[in-house]
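# Summary of the model geometry
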Amino acid sequence: MEPIKDYRQVQEAINAFANQDVYIHLETTNGAYASHHDQTFFSAGAYIRNALVRYEIGKITGNDPYRVGLKINLGWIYAEGLTHFEVDEQNRLLLAGHDNKGKLAVALEISATPFE
Amino acid sequence: MEKERHVLVVFPHPDDEAFGVSGTIATHVQNGTPVTYACLTLGEMGRNMGNPPFTNRENLPKIRKEELKAAAAALGIQDLRMLGYRDKTVEFEDDAKLAKAMLSLINEVNPSLIITFYPGYSVHPDHDATGAAVVRAVESLPAAARPKLHCVAFSNNCVEELGEADIVHNISAVAEKKLAAIQAHRSQTEQMFGDVTEKLKNQDPQMMVWINNERFWTYKFDK
Ligand SMILES: [Zn+2]
């Protein structure tokens, strides 16, 4: 994965998936051990894999970390805290937010075919 | 350590065996006891991607699968099973089905000792769910036919509620193998490992106790 330096690269990749059926992976996480190491820490997260949607417009905004929002047929998908991206060998757009220790905190991925 | 006929280790994540159990596994292997390690998931939800990142969400499971095989090889485990569940979803599986899968594994392997997590005292929901499924499976056997069940626990309240561990294995004789297993799970342990090596070199007393002693609670069945 590369740090998002030029948001236009990501915007182009987002545009390439518009107006077609796509599969979404979206997660946020503090890790399962957050409350174990710090009992005052309120741990929360959410996860969806292979949601089948179609978006008419998708946009990257912000200034490192970035936000991405997708306006889908009946609602919205968004993620914030995004720092890295990659278009992988299967042509999927992988976006992730890593904290300063290199730990994943958020991921938003878009693919024309289901994720494994 | 008592000589066993066959040891079955059941954990949900590829590195779950590394810190708490790998010395015990290596000792059993050295004693000539066959060890089967059933690992439910590939740790797909691991968060360590590195800085700069060395992998991504989709490729991490492939890396962890290879690390698991390398760790098993380092410990001399000959029967490694990857059960194909998904990280962080084990607790949401059908309880009865999961227990049934554990029971058929137990029936096939016919172990004299099973090692898993103590349900309710193992912090990660997958740990608790895995331990609970194994307990349910063993419970369904007639008391006389049950293998021994040694559980790993590390929640903040485990000693308070379960008492001190009734089994402590000093594994210093196979510490090298244990360290090799820990090192095999590079993507998960490398960050902290630099620190561990340094402390080991200096024979840091706390670190030596932590590495050399593996603690288990014998599971107590109600019925
Ligand atoms: Zn684990």
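On a predicted model such as this, the values are computed, not experimentally measured, just so you know.

## Some thoughts on the nonpolar core
Val10(B), Met102(B), Ile114(B) and Leu149(B) are the most contacted members of the largest nonpolar core, which has 28 residues in total. Those elements giving two or more residues to this core turn out to be strand S1 (7-11), helix H4 (95-109), helix H5 (125-139) and strand S5 (148-152) of chain B. Among the elements that take part in this core, H5(B) stands out by supplying 6 residues, more than any other. Sequence-distant contacts of Val10(B), that is, excluding residues within four places in its chain, are made with Ala38(B), Leu40(B), Met102(B), Leu105(B), Ile114(B), Ile115(B), Thr116(B), Phe117(B), Thr130(B) and Val134(B). The next biggest cluster of nonpolar side chains, apart from the first, holds 25 residues, and it includes Ala13(A), Ile14(A), Val53(A) and Leu70(A).

## Some points on the interface of chain A and chain B
Often the size quoted for an interface is simply the accessible area lost on bringing the parts together. Counting from both sides, the interface comprises 28 residues of chain A and, opposite them, 23 residues of chain B. Counting the surface lost from both chain A and chain B, the interface buries some 2200 Å², and carbon and sulfur atoms represent 46% of this. The largest share of the area that chain A buries against chain B comes from Tyr33(A), His36(A) and Leu104(A), three residues that together contribute 23% of it. Inspection of the region where chain A meets chain B yields 2 salt bridges.

## A look at the packing of helix H7 (residues 175-184) of chain B against helix H9 (residues 205-212) of chain B
All names here are of chain B. H9 packs onto H7 with a crossing angle of 90° between their chain directions and a minimal axis gap of 11 Å. In terms of their interaxial angle, H7 and H9 are classed as roughly perpendicular. Here H7 contributes Ala175, Lys178, Leu179 and Ile182 to the contact with H9, which in turn contributes Trp210, Ile211 and Asn212. Among the residues making up the contact of H7 with H9, the classes are represented as 5 nonpolar, 1 polar and 1 charged.

## Focus on the confidence of the model for chain B
Chain-level pLDDT for chain B is 94 on average; 98% of the residues reach the 70-or-more range. In the model output, the complex is listed with pTM 0.92 alongside ipTM 0.88.

## Description of the sheet that holds strand S2 (residues 22-28) of chain A
Residue and element names in this part refer to chain A. Read across the sheet, 6 strands follow the order S1-S7-S8-S9-S2-S3 without closing on themselves; strand pairing throughout is antiparallel. Each end of this open sheet is capped by a strand with a single partner; those strands are strand S1 (2-3) and strand S3 (46-53). Looking at chain direction, strand S8 (residues 93-98) and strand S9 (residues 104-111) are connected through 6 bridges and run antiparallel. Residue pairing across strands places alanine 96 opposite alanine 107, the latter belonging to S9.

## Structural notes on the side chain of Ser112(B)
Here Ser112(B) is to be found in the loop between H4 and strand S4 (113-117). Apart from residues no more than four positions distant in its own chain, Ser112(B) is found in contact with Glu4(B), Arg5(B), His6(B), Pro147(B) and Lys148(B).

## A few points about the pairing of S4(B)
Residue and element names in this part refer to chain B. Judged by how many residues are buried, S4 sits mostly within the fold: 5 of 5 residues are covered. Here S1 pairs with S4 via 3 bridges, running parallel. Within S4, the position partnered with valine 7 by the bridge is leucine 113. Here S4 runs beside S5; their pairing, made up of 5 bridges, is parallel.

## Some words on the packing of aromatic side chains
All names here are of chain B. Counted by the stated rule, this structure contains 7 aromatic pairs over all chains. Considering the side-chain rings of tyrosine 118 and tyrosine 219, the 5.2 Å spacing of their centres and the 45° angle between planes classify their relative orientation as tilted. One end of the pair, tyrosine 118, is in the loop between S4 and H5; the other, tyrosine 219, is in the segment after strand S7 (213-218), with 101 residues separating them in the sequence. The exposure class assigned to tyrosine 118 is buried, which follows from its relative accessible area of 10%. According to the relative accessible area criterion, tyrosine 219 is buried, its value standing at 18%. One aromatic cluster in this structure is built from Phe11, Tyr37, Phe117 and Phe154. Sitting over the face of the ring of phenylalanine 221, arginine 146 holds its NZ or CZ atom 4.7 Å from the ring centroid.

Reading the values: rules and limits
- Residues numbered from 1 in each chain as written.
- Chains lettered and ligands numbered in written order.
- Predicted model: local features only at pLDDT ≥ 70, side-chain atom pairs only at ≥ 80, totals over all residues.
- Heavy atoms only, no water.
- Core = buried A, V, L, I, M, F, W, Y, C linked by side-chain atoms within 4.5 Å.
- Buried < 20%, exposed > 50% of the residue type's maximum accessible area, 1.4 Å probe, protein only.
- Helix = DSSP H or I, 4+ residues; strand = E, 2+ residues; numbered from the N terminus.
- Contact = heavy atoms within 4.5 Å.
- Buried area = accessible area lost by both parts, 1.4 Å probe.
- Salt bridge = Lys/Arg side-chain N within 4 Å of Asp/Glu carboxyl O.
- Axes fitted to C-alpha atoms, helices over the stretch in contact; angles between N-to-C directions.
- Parallel < 35°, antiparallel > 145°, perpendicular 65-115°, else oblique.
- Nonpolar A, V, L, I, M, F, W, Y, C, P; charged D, E, K, R; others polar.
- pLDDT = per-residue confidence, 0-100.
- Pairing = 2+ DSSP bridges.
- Phe/Tyr/Trp six-rings, centres within 6.5 Å; stacked < 30°, edge-to-face > 60°.
- Lys NZ or Arg CZ within 6 Å of the ring centre and 35° of its normal.

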